[in-house]
Amino acid sequence: MKKLKGKILPIKLYGEEVLRKKSEPVKELTEEINQFITDLTVTMYEKDGVGLAAPQVGRSLRIFVIDPFWFKEGHKKDPFVLINPEFKEFEGETSMEEGCLSLPNIYAKVVRAEKVIIEGLNQNWEKVKIEADDLFARALQHEYDHLEGILFVDKVPKLKKIPFLKELKKLEQQVKNNNLTNS
Ligand code: CO
């Protein structure tokens, strides 16, 4: 992978409205959006994420980037960008612990499809269709949810949420306080 030239974007945290909005489809790959995608990718790596969706940096656009294995030994950075994604198939079910850059320090098991087929456009505006399973399929579903305004904690049963309810409230309060000081 050639070196990405981009800037680190601030991550929106739980409680920010943009994380709850349904994102808009991208109509055209302008130079500005292309640079934004590179910034999104740079930000994901810089924050040690395995996926990042545009709303998480404050842009309500149907774009995400995923790289579930880059931090593992023997793996190189290999970002997978998807624009205007659409699931075509879901198969099976699996439960695994997830986290999210917008919900720091919160982890919980989430049930997701084991295999998926998804279509969309890549960063060259070419149609891509991929079949994914395991961690990659999970990341695709997690990031896609961000485009719909859904967060992984929404998929955790009520009782299982109890251990981190305080943490969620704290994040919400932080966002409220920040918004007050900025307005
Ligand atoms: Co996330």
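Residues numbered from 1 in each chain as written. Predicted model: local features only at pLDDT ≥ 70, side-chain atom pairs only at ≥ 80, totals over all residues. Heavy atoms only, no water.

A. Structural view of unusual backbone geometry. In this structure, Asp48 takes a positive phi of about 60° despite not being glycine. Inspection of the secondary structure puts Asp48 in the loop between α1 (31-46) and β1 (51-53). Phi at Trp125 is positive, roughly 60°, even though this residue is not glycine. By the secondary structure assignment, Trp125 is in the loop between β6 (115-121) and β7 (127-133). (Helix = DSSP H or I, 4+ residues; strand = E, 2+ residues; numbered from the N terminus.)

B. Spotlight on the coordination of the cobalt ion. For the cobalt ion, the protein coordination sphere consists of Cys100 (SG), His142 (NE2) and His146 (NE2), at 2.1 to 2.3 Å. Expressed as a motif, the donor residue spacing for the cobalt ion is C-x41-H-x3-H. Placement of Cys100 in the loop between β4 (94-98) and β5 (108-112) and of His146 in helix α2 (residues 134-147) is noted, with a sequence separation of 46 residues between them. When its relative accessible area of 1% is taken as the criterion, His146 is described as buried. (Donors = N, O, S within 2.8 Å, 3.2 Å for Na, K, Ca; no water. Buried < 20%, exposed > 50% of the residue type's maximum accessible area, 1.4 Å probe, protein only.)

C. Highlighting the environment of Val81. For Val81, the position within the fold is in strand β3 (residues 80-91). A relative accessible area of 9% means that Val81 is categorised as buried. Separated by 40 residues in the primary sequence, Val81 and Thr41 place their C-alpha atoms 8.3 Å from one another. In this structure, Val81 is in contact with Ile37, Thr41, Phe64, Val65, Leu121, Asn122 and Gln123, ignoring residues within four places of it in sequence. (Contact = heavy atoms within 4.5 Å.)

D. The nonpolar core, seen in detail. Formed by 19 residues in total, the largest nonpolar core has its most connected members in Phe36, Ile37, Leu40, Leu52, Val57, Ile63 and Ile83. Mapped onto this core, the elements with two or more residues apiece are α1, β2 (63-66) and β3. The residues contacting Leu40, other than those within four sequence positions of it, are Leu9, Leu52, Ala53, Ala54, Val57, Ile63, Phe64 and Val65. Counting residues in hydrophobic clusters, the runner-up holds 17 residues, among them Ile130, Ala132, Ala137 and Ala139. (Core = buried A, V, L, I, M, F, W, Y, C linked by side-chain atoms within 4.5 Å.)

These figures capture arrangement, not role.
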